[in-house]
Amino acid sequence: MKVAASGTWFPDEGSRLPAGEVHAWEPGQNQTACGIPLKRAGLHRFPHVDFADTDPVTGGSADAVRWSCPRCQAATGGRRGGKRWTRTDPRP
């Protein structure tokens, strides 16, 4: 998964990095992993940045990230346990 963010940050190296709120985004889709439409929300796409790199604890692209979407983290198997959510006993 790649990143869609509410802002853009340019460090000294000159590359464009995400800033503000970040969401997981799959290239080719028009919405984030949590269902927010990119165009309506005014989110910028970052196809060169992995969503895992925006984690403030481990990521190198997280210097200007203020908030990371918990729904997107759950959809990608993020910080909380590392496993994706799956239904184990579906209703009939």
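Quick note: structure is the one above.
Residues numbered from 1 in each chain as written. Predicted model: local features only at pLDDT ≥ 70, side-chain atom pairs only at ≥ 80, totals over all residues. Heavy atoms only, no water.

Focus on the nonpolar core
The biggest cluster of nonpolar side chains holds 13 residues, and the ones touching the most others in it are Val-3, Ala-5, Val-22, Phe-46, Val-49, Phe-51 and Cys-72. Put simply, the parts of the chain that give this core at least two residues each are β1 (2-9), β2 (17-25) and β3 (44-50). No other element matches β2, which puts three residues into this core. When neighbours within four sequence positions are excluded, Val-22 is seen to be in contact with Val-3, Ala-4, Ala-5, Phe-51, Thr-54, Val-65, Trp-67, Ser-68 and Cys-69. (Core = buried A, V, L, I, M, F, W, Y, C linked by side-chain atoms within 4.5 Å. Buried < 20%, exposed > 50% of the residue type's maximum accessible area, 1.4 Å probe, protein only. Helix = DSSP H or I, 4+ residues; strand = E, 2+ residues; numbered from the N terminus. Contact = heavy atoms within 4.5 Å.)

A look at the environment of Arg-16
Within the secondary structure, Arg-16 sits in the loop between β1 and β2. Judged by its relative accessible area of 29%, Arg-16 falls in the partly exposed class. Note: C-alpha distance between Arg-16 and Phe-46 (30 residues apart in sequence) is 8.2 Å. Beyond its immediate sequence surroundings of up to four residues, Arg-16 is in contact with Thr-8, Trp-9, Phe-10, His-44, Arg-45, Phe-46, Pro-47 and His-48. A polar contact is formed between the side chain of Arg-16 and the backbone oxygen of Arg-45, at a distance of 2.9 Å. (Polar contact = N/O pair within 3.5 Å; in protein donor to acceptor, adjacent residues only side chain to side chain.)

A few points about the side chain of Thr-54
Tracing the sequence through the fold places Thr-54 in the loop between β3 and β4 (65-68). Look at Thr-54 and you get buried, because its relative accessible area is 1%. With residues up to four places along the chain from it excluded, the contact list for Thr-54 reads Val-3, Pro-18, Val-22, Val-49, Ala-62 and Val-65.

Side note on the state of the cysteines
For the coordinates displayed, the defined rule picks out zero disulfides. Looking at the unpaired Cys-34, the closest cysteine sulfur is the one in Cys-72, lying at 3.7 Å. The class of Cys-72 is buried, set by a relative accessible area of 0%. (Disulfide = S-S within 2.5 Å.)

What about the environment of Asp-53?
Considering the arrangement of structural elements, one finds Asp-53 in the loop between β3 and β4. For Asp-53, a relative accessible area of 32% corresponds to the partly exposed category. Taking C-alpha positions, Asp-53 is 9.3 Å from Lys-2, a pair spaced 51 residues apart along the chain.

All quantities given are derived from atomic positions and should not be read as evidence of function.
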